[in-house]
Amino acid sequence: MKRLRRVPCPRLRGHGKCRKRRSLPTRAWAGHRIGVGILFIVFLCISCRISPAAERFPPPDFTDHQLPATQAPAAPSPVYEYADLAFLIAALGLASYLAVRRRSRRGLFVLGIVSLAWLGFWREGCICPIGAIQNVTLAAFNSTYVLPLTVAAFLALPLIVTLFFGRTFCAAVCPLGAVQELVALKPLRVPPWLDQALGLLAYVYLGLAVLFSATGTAFLICRYDPFVGFFRRSMGADMLVFSLSFLVLGIFIGRPYCRYLCPLGVLLGWFSRISQWHVKIPPDRCIQCRLCEEACPYGAIRTPTTVQPPADHRRGRRRLALLIVLLPILIVLGFGLGWMLRQPLARLNPTVRLAERFYQEQTGRVQGTTGATDAFRNTGRPADALYAEARSLLGSFGLAGGLFGAYVGLVVGGKLIYLSVRRRRTDYQPDRAACVSCGRCFWYCPAEQALWKNNPAACGLATMPEKT
Amino acid sequence: MDNPPTTPNRRRFLATALRAAGALGLGGLTAGLAAKRGRTGEYVWQLDPQKCIACGNCATYCVLDESAVKCVHSFAMCGYCDLCTGYFPPEPIEQRTGAENQLCPTGAIQRAFIEDPYFEYRILRDRCIGCGKCVKGCSAFGNGSLYLQVQHDRCLNCNECAIAVACPSQAFRRVPADDPYLLKVRGKQA
Ligand code: SF4
Ligand code: SF4
Ligand code: SF4
Ligand code: SF4
């Protein structure tokens, strides 16, 4: 204590030596000081609860000392965002040209790598159109969140382009798609029933992403982005396992994220269904060699249909009628289930979680406190306000969960109906929703290669008969 | 196709109408949402120092290996104390500036004598890992002039900040990019 006591106390400047230490006593405890010290700590703790940063020690007025400024480096200029937007527009245009008009698989491949380098590794995966779904949802439901224009454009542009040219965004612009495109080395054929069933996951994921961003709870798509960790070259151990397994899976199953999880893929698929100029395999010269079917790693080639015996046809009609009756039942059932799930869903919300924990602590159901409840106590906010906020959130989760359930019911029922409607096809065609316009099918098509050889200039959109 | 000859035309018209509606609707929706509040600027993450409890998550949860959050110092609020509770642990072994006597695990705070009895504490940015130990010490026993802020020259501005998810006090929020700090100012207490 002796050594410390020689130090003048700033609080008592001008009054000579400090009489009472403001610091905690050091090792040299002296009997009664323990009590005083503890009281002092308690006092400090209490006082800092009331006002977290009181001016306990008045700042000195220096005469000849210039106070340094607080370090606050400026945010990087928005120029980068606009550059990203310009890149997106250019890449979308080029990808559409390469896929639909130029029909160059090689060009798409190179462009994919460039996009991966720019949007993926250089800009480290943020901003991405998949995640932008959540920003748009949040902006629609939360009046305090302002949607940046670039983010809005990042979602809208790929969708609009898809409306006209098919999923050319997926072919060569999306960095996530490009990663999977690169690792798709030994794609196995996924049985169609499994492919369709797993495809439902993406719908569910989209629904959950919208649900959680609408309630301001979380951005799931960003949290479970399998490749963004690679782009940033840093991630936690659990994410590393997740990402690596996706990468390894991607060797054997073409684009697992795109086909079975990507929420944007769902929207793009729907937009692509009505696209005006979608990639086509030269269908007028099809020699039924099935090379395109072999070449597509994503199981997107639909084969020509055979003529159906009348008995099958009748049975099919009956099944379809049954499924159409089933659809509303599934929707209502889904609503009920989703509503019942509101509590587990709401638990992802930090405020709901905090309120729950706080209530348990107050009523003695659990021992000890957490960082979150400590922080809440620190704010001095009344508990009732917290409970009210949590209750209103739970209410929105009831509605949102119900709607989510109804949506899942609709998706499942719709899928069943879609699968039992027979379409007639006379040749091999890419499925407009599933096709990511990667270009392998026509690249391997012998009819196309013959065309290239004979008259390279004529190859492209102009020579392809419009097929609907 | 063996549909009646009128069907392809009707289908094509329907598809065109749908496309036009889709494109217009999308453009309108996004532009409308973006223009909703008459502000279309970019937003970045920042933490509110009045809410922060210096739990230490900022150092570990950032997607960057070296966190984008670092300690800053509002010098005008600082008491320039000799025995800084952000610099020294509650029971310093001795009041010297050796590393074993410092609260900061990386020795990121530079202590400099200004005039009797005042000392200035500067943060060496390159060393600070944003652990918040000094912040805790300073706000518990001092003026609270040391606090954490997201450093925007480092922050990637993730769409969902990983620290915001882990922050127990919900201190993170989006702030306009042209005013990206929530600095503490003398005389303005929450
Ligand atoms: S499906 Fe999704 S992840 Fe895959 S390329 Fe398209 S947008 Fe990207
Ligand atoms: S995570 Fe939150 S409470 Fe913890 S140090 Fe960071 S801002 Fe403060
Ligand atoms: S104690 Fe932690 S937050 Fe404070 S300066 Fe050191 S590293 Fe930064
Ligand atoms: S936005 Fe990303 S980079 Fe910035 S502080 Fe949060 S986690 Fe770190």
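These numbers come from a predicted model, not from an experiment.

J.: Can you walk me through helix α9 (residues 192-214) of chain A in this structure?
T.: The terminal C-alpha atoms of α9 of chain A lie 34 Å apart, and with 23 residues this matches the ideal 33 Å at 1.5 Å per residue to within 8%. Immediately downstream of α9 of chain A, the backbone of Gly216 of chain A shows phi near 65°, a positive value.

J.: Is there a simple way to explain the site of ligand 2 in this structure?
T.: Around ligand 2 lies a shell of 14 residues, among which Cys52, Cys55, Cys58, Cys167 and Ser169 of chain B are the nearest. A per-class count over the shell around ligand 2 returns eleven nonpolar, three polar and no charged.

J.: Would you mind showing me how to read the site of ligand 1 here?
T.: Residue and element names in this part refer to chain A. Taken together, 14 residues are adjacent to ligand 1, and Arg167, Cys170, Cys174, Cys258 and Cys262 come closest. Elements with a contribution of two residues or more to the shell around ligand 1: α7 (168-172), α8 (175-183), α13 (256-260) and α14 (263-273). Broken down by element, the residue count for the shell around ligand 1 peaks at three residues, all from α14.

J.: Which parts of the structure should I look at to understand the confidence of the model for chain A?
T.: Close inspection of predicted coordinates is inappropriate for parts of the model with low pLDDT. Mean pLDDT over chain A works out to 82, with 85% of the residues at or above the 70 mark. Scored below 50 in pLDDT, residues 461-468 of chain A makes 21 contacts in the model with residues more than four places away or belonging to other chains.

J.: Just checking my understanding: could you explain unusual backbone geometry for this structure?
T.: Only a minority of non-glycine residues have a phi that is not negative, and only a minority of peptide bonds are not trans. Here Asp116 of chain B and Pro117 of chain B are connected by a cis peptide whose omega angle stands at 0°. Within the element layout of this structure, Pro117 of chain B appears in the loop between β3 (109-115) and β4 (118-123). With a phi close to 70°, Arg290 of chain A is a non-glycine residue in the positive phi region. With respect to the secondary-structure elements, Arg290 of chain A resides in the loop between α14 and α15 (291-295). Given a relative accessible area of 41%, Arg290 of chain A falls into the partly exposed group. Located in the positive-phi region is Tyr80 of chain B, a residue other than glycine, with phi close to 55°.

J.: Would you take a moment to explain the side chain of Gln196 of chain A for this structure?
T.: Mapped onto the secondary structure, Gln196 of chain A falls in helix α9. Filtering out sequence-adjacent residues up to four positions away, Gln196 of chain A remains in contact with Arg302, Lys415 and Leu419 of chain A.

J.: When you look at the domain arrangement of chain A in this model, what are you seeing that I'm missing?
T.: Accessible area lost on assembly of the parts is the figure often given for the size of an interface. All names here are of chain A. By the assigned domains, chain A splits into domain 1 (27-49 + 81-305 + 428-462) and domain 2 (313-420). Roughly 1500 Å² is buried in total at the junction of domain 1 and domain 2, and carbon and sulfur atoms are behind 71% of that figure. Where domain 1 touches domain 2, the interface holds zero salt bridges. Here domain 1 is connected to domain 2 by three residue pairs in polar contact (both at pLDDT 80 or more).

J.: Please clarify how the confidence of the model for chain B should be interpreted in this entry.
T.: With 86% of its residues at a pLDDT of 70 or more, chain B has an overall mean of 83. Predicted complex, confidence summary: ipTM 0.81, pTM 0.82.

J.: It is not clear to me how the pairing of β3 of chain B should be interpreted in this structure. Could you clarify?
T.: Across a regular strand the side chains alternate sides, sitting on one face of the sheet and then on the other. Residues and elements named next belong to chain B. Summarising the sheet, β3 and β4 pair through six bridges and their orientation is antiparallel. Bridging across to β4, Gln110 finds its partner in Arg122. What sits between the antiparallel neighbours β3 and β4 is a turn of two residues.

J.: Explanation requested: the interface of chain B and chain A in the structure shown.
T.: Each partner contributes to the interface: chain B provides 80 residues, whereas chain A provides 85 residues. Across the chain B to chain A interface the summed buried area is about 7100 Å²; carbon plus sulfur atoms make up 59%. In terms of surface lost to chain A, no three residues of chain B exceed Arg19, Glu42 and Phe141 of chain B, which account for 10% of the buried area on that side. Here chain B and chain A share one salt bridge between them.

J.: So what exactly am I meant to see when it comes to the packing of helix α5 (residues 129-141) of chain A against α9 of chain A here?
T.: In a packed pair of helices, the relevant descriptors are the angle between the two axes and the axis-to-axis distance. All names here are of chain A. Between α5 and α9, the least distance of the axes is 8 Å, while the angle of their chain directions is 45°. Compared by their axis directions, α5 and α9 come out oblique. Here α5 and α9 pass one another in a crossing that is right-handed. Residue-level contacts link Ile133, Gln134, Thr137, Leu138 and Phe141 of α5 to Leu206, Val210, Ser213 and Ala214 of α9. By residue class, the composition of the contact of α5 with α9 is six nonpolar, three polar and no charged.

J.: Can you walk me through the pattern of salt bridges in this structure?
T.: Close approach of charged atoms allows side chains of opposite charge to pair. All names here are of chain A. Using the criterion set out here, one finds 23 salt bridges over all chains in the structure. A salt bridge links Glu181 to Arg440; the nearest nitrogen and oxygen atoms lie 2.7 Å apart. Residue Glu181 is located in helix α8, and its partner Arg440 is located in helix α21 (residues 440-444); the two are separated by 259 residues in the primary sequence. Linking Glu361 and Arg357 is a salt bridge whose minimum nitrogen-to-oxygen distance equals 2.8 Å. Here the residue Glu361 and the residue Arg357 both occupy positions in helix α18 (residues 350-362), the gap between them amounting to four residues, near one helical turn. In the salt-bridge network here, residues are joined through shared partners; they are Arg105, Glu181, Arg255 and Arg440.

J.: When you look at the side chain of Asn57 of chain B in this model, what are you seeing that I'm missing?
T.: Residues and elements named next belong to chain B. By the secondary structure assignment, Asn57 is in helix α2 (residues 57-61). A distance of 2.8 Å separates a polar side-chain atom of Asn57 from the backbone oxygen of Ala166. Once you skip the residues sitting within four places of it in the chain, Asn57 turns out to touch Ile163, Ala166 and Pro168.

J.: Please clarify how the packing of aromatic side chains should be interpreted in this entry.
T.: Two numbers describe a pair of aromatic rings. These are the distance of the centres and the angle of the planes. Scanning the entire structure with this criterion turns up 16 aromatic pairs over all chains. Ring geometry for Phe87 of chain A against Trp118 of chain A: centres 4.5 Å apart, planes inclined by 15°, an arrangement best described as stacked. Of the two residues, Phe87 of chain A is situated in helix α3 (residues 79-102) and Trp118 of chain A in helix α4 (residues 105-122); the sequence distance between them amounts to 31 residues. Residue Trp118 of chain A is classed as partly exposed on the basis of its relative accessible area of 27%. Between Phe113 of chain B and Phe119 of chain B, the ring centres sit 5.3 Å apart and the planes meet at 70°, which makes this aromatic pair edge-to-face. According to the relative accessible area criterion, Phe119 of chain B is buried, its value standing at 15%. Connected via pairs of aromatic rings, a cluster forms that spans Phe227, Phe230, Phe242, Phe246 and Tyr257 of chain A.

Reading the values: the criteria
Here, residues in each chain are numbered from 1, in the same order as that chain's written sequence. Chains and ligands are labelled sequentially in the order written, the chains with letters from A and the ligands with numbers from 1. Two thresholds apply to this predicted model, a pLDDT of at least 70 for residue-level local features and 80 or more for giving and counting side-chain atom pairs, whereas whole-chain, interface and lining totals are computed over all residues. As a convention, hydrogens and water are excluded, and side-chain values are obtained from all of the structure's heavy atoms. Secondary structure elements are taken from DSSP: a helix is a run of H or I of four residues or more, a strand is a run of E of two residues or more, and numbering for both begins at the N terminus. Multiplying 1.5 Å by the residue count of a helix minus one yields the expected span of that helix. Here a residue is considered near a molecule or strand provided that any single heavy atom belonging to it is located within 4 Å of it. Side-chain classes are defined by residue name, with Ala, Val, Leu, Ile, Met, Phe, Trp, Tyr, Cys and Pro counting as nonpolar, Asp, Glu, Lys and Arg as charged, and the others, Gly among them, as polar. Across the chain, each position has a pLDDT score giving the predictor's confidence in that residue, from 0 to 100. When checking whether two residues touch, look at their non-hydrogen atoms; a contact exists if any pair is within 4.5 Å. Residue exposure (1.4 Å probe, protein chains only): buried if accessible area is under 20% of the type maximum, exposed if over 50%, otherwise partly exposed. Segmentation into domains, and thus their bounds, comes from an automatic or database assignment. We define buried area as the total accessible area lost by two parts upon association, computed with a 1.4 Å probe and summed across both. By salt bridge we mean one thing: a side-chain nitrogen of Lys or Arg within 4 Å of a carboxyl oxygen of Asp or Glu. Any pair of nitrogen or oxygen atoms within 3.5 Å is treated as a polar contact; in protein, a donor-acceptor pairing is required on top of that, and neighbouring residues in sequence qualify only through side-chain atoms on both sides. The rule for pairing is simple: two strands pair if DSSP sees at least two bridges between them. Lines fitted to C-alpha atoms define the axes, with helix axes restricted to the stretch in contact, and inter-axis angles between N-to-C directions lie between 0 and 180 degrees. Throughout this description, any angle smaller than 35 degrees is read as roughly parallel, any larger than 145 degrees as roughly antiparallel, any in the 65 to 115 degree range as roughly perpendicular, and the remainder as oblique. For any pair of crossing helices, the crossing counts as left-handed if the nearer helix is rotated counterclockwise from the farther one by less than a right angle, and right-handed if it is rotated clockwise. Pairing of aromatic side chains here covers Phe, Tyr and the six-membered ring of Trp, requires ring centres within 6.5 Å, and sorts the geometry by plane angle: under 30 degrees stacked, over 60 edge-to-face, intermediate tilted.

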